[in-house]
Amino acid sequence: MNRRNFIGSAALAALLPLVGGGEAVAASRRRLLPAPLNPGDTVGLVSPSSATAGRLSLQLAGEVMQALGFKVKTGAHYASRYGGLAGTDAERAGDINAMFADDEVRAVICLRGGSGAARLLPLLDYDAIRADPKVLLGYSDITALHCGIHAQTGLVTFHGPMGSSSWNDFNADQFRRMFFERELMQYRNVVDAGDELVPRKNRALTITGGKARGELVGGNLSVLVALAGSPYMPDFSGRILFLEDVSEAPYRVDRMLTTLKLMGALDQIAGFIFGECSDCDPGDGYGSLTLDQIFDDHIKPLGIPAYRGAMIGHIREQFIVPVGGMVELDADAGSFRMLEPVFRSA
């Protein structure tokens, strides 16, 4: 091997762990579909991240699942507390492993996000997940589970409302259409003018026009970036990257997108969707880049279809999207749609 080829191979080998290399890339390319979900099935409620403050939230999450038509089983440590976490790492991971190993349980629903899910990734039983792939639903800190499980097994998981989320008509309708009707969903913001002459709420904004196809990958920006350099970072090659965040000043959003750029992830994606960055206002100081400027700096130069404002994130009404599902993005229309089923044949 000549020196140039050696250097190139060494550089690639160094880069692969950062962008989901080795076995993680191979696993994520072997897409694994969960079993379909039906009314009357048993779902498991788990707490992978922060503890829940009151018993009422625990009770309401169970009632929501029952109202959706399920029997409910809760993790053994569902209501536990270890500092700010919902139990020790071993307890929280053990609950997830038990749900995937339980033949009766057909879906794993996360109670809430917060912090701590990434600590569980080395403790998960990925063989059990492969043996009986099931629906996994959650968002925010649950991004760590979406990324890690997909990187290690290829399982399609679902980014959307959790047990303690608002289960308004919109979210319940998304759930039924995705899981019961198994619809090839079309994701277009619901725009309501209200008493405004021109609608303001839920407006999508094109960054770069065009259409792109690829598998969805992403979730919460800060949780995703924190996985950099680990075997739980997903593969970005040819993917549609979707992101959201909450309570992050623009300079932090800029720093995290810079990290994705420097590690080569942004240069690999086929399309980009940004949801909502709730409470992401500039802090004190000499001024701040706007989010518009940050997307112009990091996303527009990629020359790929991209838009922002999708109903994804820490908002009351939110899409349920399949992480690992094949979609087509239309950045001019500010929408995307599923192209293929995301459940195994019954």
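An unreviewed UniProt entry lists the chain under the name LD-carboxypeptidase, with Luteimonas soli as the source organism.

(A) Layout of the packing of aromatic side chains. Overall, the coordinates contain 16 aromatic pairs when judged by the stated rule. What links up through ring pairs into an aromatic cluster is the set F70, F158, W167, F175, F179, F180 and F343.

(B) A look at the sheet that holds strand 13 (residues 326-330). What the eight strands build is an open sheet, ordered 6-14-13-8-9-10-11-7; its pairing is mixed. Among the strands making up the open sheet, the edge pair consists of strand 6 (186-188) and strand 7 (205-208). Across the sheet, the mean angle separating the axes of adjacent strands is 30° when strand polarity is ignored. Taken together, the three bridges between strand 6 and strand 14 (residues 335-338) define a ladder with antiparallel strand orientation. For R188, the partnering residue across the bridge sits in strand 14 and is S335.

(C) Main features of helix 10 (residues 291-298). All of the buried residues in helix 10 are L291, I294, F295 and H298. All buried residues of helix 10 project into a common sector of 95° when viewed along the axis, lining one side. Looking at the buried positions of helix 10, the neighbouring elements they touch are strand 7, helix 9 (250-262), strand 10 (271-278) and strand 11 (306-308).

(D) Up close: the layout of surface pockets. Volume-wise, the largest pocket comes out at about 180 Å³. Looking at the largest pocket, the residues that line it are R203, A204, L205, F274, G275, E276, C277, S278, L291, R308, G309 and I315. With five residues, strand 10 is the largest single contributor of residues to the lining of the largest pocket. Split into classes, the residues belonging to the lining of the largest pocket amount to six nonpolar, three polar and three charged.

So, how was this worked out
- Residues numbered from 1 in each chain as written.
- Predicted model: local features only at pLDDT ≥ 70, side-chain atom pairs only at ≥ 80, totals over all residues.
- Heavy atoms only, no water.
- Phe/Tyr/Trp six-rings, centres within 6.5 Å; stacked < 30°, edge-to-face > 60°.
- Pairing = 2+ DSSP bridges.
- Helix = DSSP H or I, 4+ residues; strand = E, 2+ residues; numbered from the N terminus.
- Axes fitted to C-alpha atoms, helices over the stretch in contact; angles between N-to-C directions.
- Buried < 20%, exposed > 50% of the residue type's maximum accessible area, 1.4 Å probe, protein only.
- Arc of directions from axis to C-beta.
- Contact = heavy atoms within 4.5 Å.
- 1 Å grid on protein atoms, 1.4 Å probe; cavity = no way out; pocket = protein on both sides within 12 Å on 5 of 7 lines; lining within 4 Å.
- Points joined across faces, edges and corners; volume = space filled by probe spheres on them.
- Nonpolar A, V, L, I, M, F, W, Y, C, P; charged D, E, K, R; others polar.

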